[in-house]
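Chains, contacts and geometry: an overview
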Amino acid sequence: MNIRHVLLASIALLALFVATACGTAPTATPTASPTVVATATTMPTLPPPAPTVAPTAIPPTPLPPTATPIPPQATTKQEVIVRQGPGTQFTSAGKMPIKTSAVILGKSEDAKWLQVAFPDAAHPAWVSTAFVTVTGTIDQLPVVAVAAPATPTKGAVAVATKAPTAVPTQVVPAAKGLLDFVAFDAGQNSYVVKNLFINPRSFSDYKLIGPYPYDITQSTNAAPFAWSPDGSRVVYVLGQSRSAQNVLRMARVGTDVDIALVGSGGISSPTFSPDSQTVAYVGQDTGPQAIYTINPNGGPATRFFPKDGTRPPENFRGIAWGKTYMLFGSNESGSYEIWRANSDGSGAIQLTSDKRENGAPSWSPDNKQFAYFSKQADNSYQIMVANADGSGAKKLTNTANNFSPVWSPDGNWIAFSSTRNGRLDIFIMDKNGGNVQALTDKYSLESLLPGSWR
């Protein structure tokens with residue numbers, strides 16, 4: 001053994017001795033378990049999944065098809081003015097031609113006005129039920145509220161003040177001129193056309209028209225005479241007996257000319273054209289009443305309105321021939337209403353829809369308004385005035401019964417007959433319903449049917 005080996009053995013014994021002297025047991029080194037390598041197991045081959053089969057649909061029990069509700073429609077009976085709200089106080093929204101249909105979108109609270117998709121649903125308008133035929137039911141339609149049109153006021157916001165004890169009367173030029181009216185003369189057993197001079201007040205007989213002129217026997221409340229606008233001629237209806245024909249006659253002022261123009265079973269309510277060259281009147285030959293025209297110098301009568309058989313039989317109560325349109329009272333829609341037609345008899349439009357009784361229309365001199373009588377809810381008859389298109393109707397009288405309005409030449413006054421004194425007398429009032437004055441109260445005869453103020 002060499003020295004190197006002895007030295008190494010000594011060092012090893014010394015280390016063992018030290019470790020034993022300290023008393024610490026050595027940690028056992030764990031015996032490593034042999035690693036077992038897993039043998040790959042072969043997975044069994046599965047059959048491919050069966051294809052998914054959609055369940056067979058069971059057809060539902062067929063139900064009866066639900067009918068698509070057809071919206072109600074309004075079809076015009078004539079060309080009619082439609083409005084921006086449910087009433088004639090609303091501004092016109094145009095004209096809806098005759099036999100035009102539109103879907104009804106809503107109705108007014110009283111169901112007298114319908115909101116229709118005219119010209120389309122995005123721009124609806126309102127039409128009165130009096131002028132349309134309704135297809136379908138409107139019971140379930142919504143009530144459409146429209147705010148009443150504001151009354152325009154001038155200037156700044158008004159400051160509230162105490163109401164005056166009396167309403168000031170508008171100052172208008174004094175009434176003047178010559179107004180004709182009809183009265184019955186018992187001594188002559190005839191109705192008489194009388195000239196009434198307003199200032200100073202006096203009257204005189206002008207023409208006997210017999211005991212049975214049609215306007216009086218049938219209570220049309222229209223005058224049975226008319227002066228030409230140029231003052232050169234007058235036409236009047238002569239009714240001599242209940243069984244004889246009425247005769248339309250023309251008298252030329254300042255001459256002895258007084259000729260018969262036409263005769264028939266019922267002639268009434270004559271009026272002149274604005275140029276004084278033509279006379280229109282209500283006549284009745286073998287069929288229903290119609291409006292005819294005739295040359296005041298004589299000649300054949302021509303049917304003016306209706307020109308064909310598209311309208312049902314109707315009766316007329318008064319005619320007023322204006323610068324552009326002719327007004328007339330007619331019961332074509334079931335009650336007497338005011339109608340307007342073009343100067344050639346075409347394009348008839350119903351202007352009022354009170355469904356009571358209206359008649360004896362009269363144009364203002366500027367043709368911007370017309371006056372007429374109208375039966376009210378309390379069964380009284382009052383004088384009304386409306387714009388040329390029928391809008392803005394307002395009542396001018398409130399007492400007793402009032403008929404047959406006639407405008408003064410300057411447009412500031414309206415003459416009418418009234419029972420407010422216990423009998424029929426002729427009164428005048430200003431165009432706003434104020435300054436009421438009696439004209440025939442100092443005479444013993446009952447006065448009725450004023451006409452042709454000149």
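Structure report, in brief. (Residues numbered from 1 in each chain as written. Predicted model: local features only at pLDDT ≥ 70, side-chain atom pairs only at ≥ 80, totals over all residues. Heavy atoms only, no water.)

Observations regarding the sheet that holds strand β15 (residues 268-272)
The following threshold applies: DSSP-based pairing: two strands are paired if at least 2 bridges between them are found. Helix and strand definitions follow DSSP, with helices as H or I runs of at least four residues and strands as E runs of at least two, each counted in order from the N terminus. Fitted lines through C-alpha atoms serve as axes, helices being fitted only where they are in contact, and the angles separating the N-to-C directions of these axes extend from 0 to 180 degrees.
Spatial strand order, β15-β16-β17-β18: four strands in an open sheet with antiparallel pairing. A single partner strand is all that each edge strand has here, and the edge strands are β15 and β18 (302-305). Pairs of neighbouring strands in the sheet enclose a mean axial angle of 35°, with direction left out of account. The pairing of β15 with strand β16 (residues 279-283) spans three bridges and is classified as antiparallel. By the bridge assignment for β16, Thr271 is matched with Ala280.

Concerning the pattern of salt bridges
To be explicit about the condition: A pairing counts as a salt bridge when a side-chain nitrogen of Lys or Arg comes within 4 Å of a carboxyl oxygen of Asp or Glu. Three exposure classes are used, based on accessible area relative to the maximum for each residue type with a 1.4 Å probe and protein chains only: buried under 20%, partly exposed in between, and exposed over 50%.
Going through the model one piece at a time under the given rule, you end up with nine salt bridges. Residue Arg311 pairs with Glu314 through a salt bridge whose shortest N-O separation is 2.8 Å. Considered together, Arg311 and Glu314 belong to a single accessibility category, that of buried residues. Close ionic contact of Glu357 with Arg317 constitutes a salt bridge, the shortest N to O distance being 2.3 Å. Of this pair, Glu357 sits in the loop between β22 (349-350) and β23 (358-363) while Arg317 sits in strand β19 (residues 316-321), and the two are 40 residues apart along the sequence. Glu357 gets classed as buried once you look at its relative accessible area, which sits at 14%. Through salt bridges with shared partners, a single network forms among Lys207, Arg249 and Asp258.

With respect to the side chain of Ser447
Put simply, the rule is: Two N or O atoms form a polar contact when they lie within 3.5 Å of each other; inside protein one atom must be a possible hydrogen donor and the other a possible acceptor, and for residues adjacent in sequence the pair counts only when both atoms belong to side chains. It only takes one pair of heavy atoms within 4.5 Å for two residues to be counted as in contact.
Within the secondary structure, Ser447 is located in strand β31 (residues 447-451). For Ser447, the side chain forms a polar contact with the side chain of Thr440, separated by 3.4 Å. Apart from the residues lying within four places of it in its own chain, the contact partners of Ser447 are Phe181, Val182, Leu424, Asp425, Ile426 and Thr440.

A short note on a positive patch on the surface
What counts here: Any residue with relative accessible area above 30% and no salt bridge may belong to a patch, with like charges joined within 9 Å and the nonpolar Val, Leu, Ile, Met, Phe, Trp and Tyr side chains within 5 Å. To measure how exposed things are, a 1.4 Å probe is used in the Shrake-Rupley method; for residues, cover is taken only from the protein chains shown. Charge assignment: positive for Lys and Arg, negative for Asp and Glu; neither His nor the chain ends contribute. To locate a charge, take NZ of a lysine, CZ of an arginine, CG of an aspartate or CD of a glutamate.
A surface patch of positive charge is lined by Lys77, Lys112, Lys355 and Arg356. Tracing the sequence through the fold places Lys355 in the loop between β22 and β23.

Overview of the sheet that holds strand β8 (residues 178-185)
The antiparallel open sheet is built from four strands, whose spatial order is β10-β9-β8-β31. Edge positions in the sheet fall to β10 (202-210) and β31, since each has one partner strand and no second. On average, each strand axis in the sheet is tilted by 30° relative to the strand beside it, whichever way the strands run. The pairing of β8 with β31 spans three bridges and is classified as antiparallel.

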